[in-house]
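As a plain string of letters, each chain reads:
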Amino acid sequence: MASAKATAGVAPAGATPAGAAAVAPAATPMRAAARAVRRSKTAMVSVGVLLFIIAASFAAPLWADHVAQTGPFTNHLTDTVQIDGEAVNVVSLDGVPIGPTYQGRYFLGADGNGRDLMVRLLYGGRNSLFIALVSMTFCLFVGAVLGTIAGFFRGWPDAIISRALDVLWATPVILLGIALGVATALGGLNLGFVKIAGDSLWLPALIIGVVQIVYVARPIRSSVLSLRERPFVEAARAQGFGSIRIMRREILPNIVTALLVLGPIVVAQTVAYEAALSFLGAGVQRPNPSWGTLIADGTDVLTSAPHLTIVPGLVLAATVLSLNLIGDVVREALDPRGLVTSGDGPGR
Amino acid sequence: MTRSRITTALVALSATAVLAAGCGDDKDTGGGSEGGSATAEVKSGGTFTAYYTSFPDYMDPALSYTQEGWTALWTVYTPLLTYKHAEGAEGATLVPGLAEAMPEISDDGLTYKLKLRSGLKYSDGSAVKANDFEHSIKRVLNLESGGSAFYSVIEGAEKYQSDGKEDADISGITADDATGDITIKLAKKDGSFNFYLAMNFAGLVKGDTPFTNTTDKPAVGVGPFKLEGVQPGRGFKLVKNENFTPLPDTPEAKADQIDVTVAKNARRQAQDVIANKVDFLQDPPPADQLRELRTSYTDRYKEYVTNSTYYYFLNVDVPPFDDVKVRQAVAYAVDERALARVFGGLLAPSCNFLPPGMAGFEKVDPCPWGDPNAAPDIEKAKALIKEAGAEGESVTVFGNDEDPSTPVAEYMSDLLNQIGLTAKPRIVEGSTYFQTIGNQKTKAQIGFANWFQDYPAPSNFLFLVDGASIQPTNNQNFGNVNDPEINSLIKTANENPDIEAAAADYAAVDRKLVENPYVLPYGNRKLTKITSERVAFDGLLWHPVYAADLTTLGLK
């Protein structure tokens, strides 16, 4: 019985968590998800948009050095730029930044400090995506570990973890994120063995990861509660395998499907949370750009320089929408009955 | 002296239309007035509406320490001394308020004698008594008001405060209700004491006014208006005081009533005043509506340079700014024109620490670090950093999250990187910013700082750079400036009750601050006056201490 899950990484029929019955027995969840995405035009367009945004963000230094010829932190308050042969102030005497020029320099305009918005948008994308990736990884890993321990051992480990998750669940995510963000923004995080500077991107990444753990841990716990009663787990126990080995070799491969379903949805939420926290000053610390801080920068000049808010807002919306659309396709393929994302999951 | 640090939106500021000497740039935007009283014809009567962005901290003269509070309460609670209801330098002139004349000061500068005018009445019709002055000061001390430090110089005031007994006597104040004589003895000389007597804190309230915050049920006072309908957080009404007999320099109110409403959204405020839905705005409109107002509403929009100073502090106790060459390098590199743009044009570039229009202001001209209205010398700055051996040294530039502090700190951070240092900004939450940089343990190297006057005298600015005011916490001398020569000049000047006579000393301090340089002043903030079409715009005075003079708000 142990070999059944070990060979394919997918539990036998009836053993899959969260009703992943739609997955063909021969396909790994990963392949099934990829196939579903390939078959969906919506998902493929979303993947294209996402890849474009990722590629553009990673190309930020190239754009900055060779096209815009300025860095993301460089102020140009008193500089001028040539437009149609005329020298135009990057920031007007009354403080209004230039709008999109659709040329190399200030392609999307400038912010209030005369910084090139396109450059900051691209660097901001790197920061936002970095945070999203780290948060998602942290959240999925810790959530999976906690959910597995709680579901597998039950008893007091389950009681402690579940109550802790209940507390997290009952706390408004944004408020908790703001509280943690503001508390650590100045002095950073110092836990003795872990020290993170207040302006480090790791800090908002971990904060967002922490506040989202509950969305992963609870559905994983539910899946494991079901899995631990399955015959192949009982068989493993009968063979004398220890708990760690059973969790690693019998349970873990069977929650991969759930993690694949949760992944895109969690990362979409992470991008949105990062933007929200940074917008409120509790996420990415200035002058580091992120889509949230860029939107915040534009709110004071919404009428005269709407591009400052609109452009990062559109990129943020496109990213979150793409991730959600991909997530929907993956969920429909791997979790058609919505068991992973129902009730406890992030899709509620 | 400890008191509330002043920030743009919330803390006590006194704005001013300033002398022409420092306001050349204002002409384009209708800036600084030459001073003088209202000459425009203003009709009396009518009910007006006004927007405040924030409700005043308190509607109690003993406690209020915000611009919002001061603007309103000045018209309700007149002190023994007050200011002329006029613009510019004339408005900064001290005149008798409820006192018959300016105080007689003894030769040793320790005793002040005043006499209360006869026949004065509070807004409820009851008579004003000389002993009400002592009660008013007791409330300031007993309630531990932010203004209590001003009156601790009175003999016995510190004991009264430490004993904590409401009914105890302040030994330095004696008053005779029968004659109206009031005598104040100081524990030490203080040349600014007349200004303290003119502050809102010393506005007279009745002798039975409780020793509690009276915001919910405001105390009666003597002034052109009385307070009614106070709804904390929402608004209040200034209603014409029918029991007020105009004083020689305090006329009666033009308006019958002013309804003040708190409206948080600055954009909505501007739209409403443009559309004549509201008559007056207390706070400046958002930056992106300034251009429209400046070009299309010149008949009801005007900017005024305030008695304020915006500067970067440089901590002379902490590397690399303990090296004068590094400080000079930064001074050469700062571009005041760039900072004016950060302020949306609401900044008048300056090289002085003292604001123009202030006694002791002598324009440092030429500015040793280059013309504030011209491009900076970045190459010279780089050379000085190299000469000082400070290349690559780490610097944290402090700023807070309130506009315009954040972009100001980010600008400086970028600038320091340009000249060879390794800088990054650190943005601290606004409500804790000044405590953070005022704590010596923070070792803040450089950062945003500003100050708006509490009263129009240099002493109110120069304590920010006085070695005697350095403290381990709540330090207002953020750069730990402690130059013996400057300290001595400040001490001598502050003890002189004749500010004009002390002006030369103040000017010398200002020059030394700039030349060393211990601080990097870059300008004076402008504020705005904007009204609806029906308001007699030119008649509404912009007072140097209290911003809009609401007693002059009237119809065309």
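Residues numbered from 1 in each chain as written. Chains lettered and ligands numbered in written order. Predicted model: local features only at pLDDT ≥ 70, side-chain atom pairs only at ≥ 80, totals over all residues.

Next up on the list: the overall build of chain A. Assigned secondary structure in chain A consists of 12 helices and four strands. Buried residues in chain A amount to 51% of all 348 residues. Sequence separation of 24 or more characterises 71% of the internal contacts of chain A that already satisfy a separation of 6 or more. (Helix = DSSP H or I, 4+ residues; strand = E, 2+ residues; numbered from the N terminus. Buried ≥ 20, exposed ≤ 12 C-beta atoms within 10 Å, placed from the backbone. Contact = placed C-beta atoms within 7 Å.)

Residue and element names in this part refer to chain A. Taken as a whole, chain A shows an average pLDDT of 83; of its residues, 88% reach a score of 70 or greater. Mean pLDDT per element in chain A: helix α1 (residues 2-8) is the minimum at 35, and helix α4 (residues 60-68) is the maximum at 95. Segment residues 1-25 is flagged for pLDDT under 50; beyond a separation of four residues in sequence, or across chains, it makes 64 contacts in the model. (pLDDT = per-residue confidence, 0-100.)

With that settled, consider helix α9 (residues 231-238) of chain A. Side chains of residues three or four places apart in an α-helix project in the same direction, reflecting 3.6 residues per turn. Those residues of α9(A) that fall on the buried side of the exposure criterion are Phe232(A), Val233(A) and Ala236(A). In a view along the axis of α9(A), the buried residues occupy a sector of 100 degrees, so they form one face of it. (Arc of directions from axis to C-beta.)

Attention now goes to the sheet that holds strand β6 (residues 173-175) of chain B. Residue and element names in this part refer to chain B. If you walk across this open sheet you meet the four strands as β4-β5-β7-β6, and the pairing is antiparallel. Lying at the two open borders of the sheet, with one neighbouring strand each, are β4 (104-105) and β6. Note that strand β5 (residues 111-115) and strand β7 (residues 181-185) share five bridges and pair antiparallel. Within the sheet, the bridge partner assigned to leucine 114 lies in β7 and is isoleucine 182. (Pairing = 2+ DSSP bridges.)

If you look at the interface, chain A gives 25 residues, while chain B gives 28 residues. Looking at the side of chain A that touches chain B, its residues break down into 11 nonpolar, 10 polar and four charged. (Nonpolar A, V, L, I, M, F, W, Y, C, P; charged D, E, K, R; others polar.)

For the rest of this paragraph, the subject is the sheet that holds strand β10 (residues 257-262) of chain B. Strands pair in a sheet through their backbones, by hydrogen bonds, and they do so in one of two ways: parallel or antiparallel. All names here are of chain B. Across the sheet, which stays open at both edges, the five strands sit in the order β8-β9-β10-β1-β11 with mixed pairing between neighbours. Across the chains shown, the open sheet's two edge strands, defined by having one partner strand only, are β8 (225-231) and β11 (280-281). With two bridges connecting them, strand β1 (residues 47-52) and β11 associate as parallel partners. Paired with tyrosine 51 across the two strands is leucine 281, which belongs to β11.

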